[in-house]
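Listed here are the chains, written in short residue letters.
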Amino acid sequence: MHRITTVQTLPISLDEAWAFFSDPRNLAQITPKDMNLIPTSPLPDHTYPGMLITYKVKPLLGIPMLWVTEITHVREREFFVDEQRMGPYRIWHHQHHFRAIPGGVEMTDIVDYRVPGGPFGLLLNKIMIGKKVEGIFEYRRNKLIEMFG
């Protein structure tokens, strides 16, 4: 298993942060364009436990695939969790945490993932996949600064 943890503060309220991040229609805005993330299922304006979302995505080397995620846990204005049900990873478990702080909100993303392919997958993660996942969150960080300050 591999873990990536990112923490970012934004000068917006907890309510504003929750409204934006718990709306699955906003995910494509904060995902690198080269991943070509396209929702293929109807998207409501908020997440809820048991919600399944399907996407077409090109996560690596421009190879298209279907990605199915399920929202497994939601605690309003505190956190939600999405887990991959089908897609490029053997396991993908992504926690989104939100906490009001003076002057804004602190957001923490914790992603635990495992790549397929045994020893070959581990090597690919070391030289390519891990950097790609980190790059997704770096893009997100910069995009959020651009959007919210």
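No experiment lies behind these values; they were computed from the predicted model shown.

Rules behind the numbers
- Residues numbered from 1 in each chain as written.
- Predicted model: local features only at pLDDT ≥ 70, side-chain atom pairs only at ≥ 80, totals over all residues.
- Heavy atoms only, no water.
- Core = buried A, V, L, I, M, F, W, Y, C linked by side-chain atoms within 4.5 Å.
- Buried < 20%, exposed > 50% of the residue type's maximum accessible area, 1.4 Å probe, protein only.
- Helix = DSSP H or I, 4+ residues; strand = E, 2+ residues; numbered from the N terminus.
- Contact = heavy atoms within 4.5 Å.
- Bend = angle between axes of the 7 residues up to and from the residue.
- Phe/Tyr/Trp six-rings, centres within 6.5 Å; stacked < 30°, edge-to-face > 60°.
- Pairing = 2+ DSSP bridges.
- Axes fitted to C-alpha atoms, helices over the stretch in contact; angles between N-to-C directions.
- Salt bridge = Lys/Arg side-chain N within 4 Å of Asp/Glu carboxyl O.

Chemist: I'd like a rundown of the nonpolar core, residues and numbers included.
Modeler: One finds Phe21, Tyr89, Phe98, Val105, Tyr113 and Val133 to be the most contacted residues of the largest nonpolar core, which totals 31 residues. Put simply, the parts of the chain that give this core at least two residues each are strand E1 (2–10), helix H1 (14–21), strand E3 (52–57), strand E4 (65–75), strand E6 (91–101), strand E7 (104–114) and helix H2 (118–148). When near neighbours in sequence (up to four residues on either side) are disregarded, Phe98 contacts Leu14, Ala17, Trp18, Phe21, Arg77, Glu78, Phe79, Phe80, Val105, Glu106 and Met107.

Chemist: Now, about H2: what can you tell me, with residues and values included?
Modeler: Along H2, the sharpest change in direction is near 65 degrees and occurs at Asn125. Of all the residues in H2, the buried ones are Gly121, Asn125, Ile129, Gly130, Val133, Ile136, Phe137, Arg140, Lys143 and Leu144. Along its buried surface, H2 packs onto E1, H1, E6 and E7.

Chemist: So what's going on with the packing of aromatic side chains? Which residues, and what values?
Modeler: We describe a pair of aromatic rings using the distance from one ring centre to the other and the angle between the two ring planes. By the definition in use, this model includes eleven aromatic pairs. For the pair Tyr89 and Tyr113, a centre-to-centre distance of 5.6 Å together with 75 degrees between the ring planes defines the contact as edge-to-face. You can see Tyr89 sitting in the loop between strand E5 (79–86) and E6 and its partner Tyr113 sitting in strand E7, a full 24 residues away along the chain. Measuring from ring centre to ring centre gives 6.2 Å for Trp92 and Tyr113, while their planes differ by 40 degrees; the resulting arrangement is tilted. In this pair, Trp92 is assigned in strand E6 and Tyr113 in strand E7, connecting sequence segments 21 residues apart.

Chemist: Run through the environment of Ala17, naming residues and quoting values.
Modeler: Topologically, Ala17 is positioned in helix H1. The spacing of Ala17 and Glu83 is 66 residues in sequence and 21 Å in space, taken between C-alpha atoms. Once residues within four sequence positions are removed from consideration, Ala17 is found in contact with Ile12, Phe98 and Val105.

Chemist: Give me the environment of Tyr139: which residues, what numbers.
Modeler: Tracing the sequence through the fold places Tyr139 in helix H2. Overall, Tyr139 belongs to the partly exposed group, its relative accessible area being 26%. Through-space distance from the C-alpha of Tyr139 to that of Gly149 is 15 Å; in sequence the pair is ten residues apart. Setting aside anything within four residues of it in sequence, one finds Tyr139 in contact with Gln29, Ile30, Thr31, Pro32 and Lys33.

Chemist: I'd love a proper account of the sheet that holds E7, names of residues and values included.
Modeler: Read from one edge to the other, the open sheet built from seven strands follows the order E1-E7-E6-E5-E4-E3-E2, with strand pairing classed as antiparallel. Each edge of the sheet is formed by a strand with only one pairing partner; in this case those strands are E1 and strand E2 (38–39). In terms of strand pairing, E5 meets E6 through five bridges, oriented antiparallel. Bridging across to E6, Asp82 finds its partner in His94. Helix-sheet contacts for H1 involve E4, E5, E6 and E7, and the interaxial angle to E6 is about 160 degrees. Contacts from H2 reach E1, E6 and E7, with the element oriented near 10 degrees to E1.

Chemist: Tell me about the pattern of salt bridges, and name the residues and values.
Modeler: For the structure on display, the rule yields nine salt bridges. For the salt bridge of Glu83 with Arg85, the shortest nitrogen-to-oxygen distance reads 3.1 Å. Three or more residues are tied together by salt bridges with common partners; here these are Glu70, Glu83 and Arg85.

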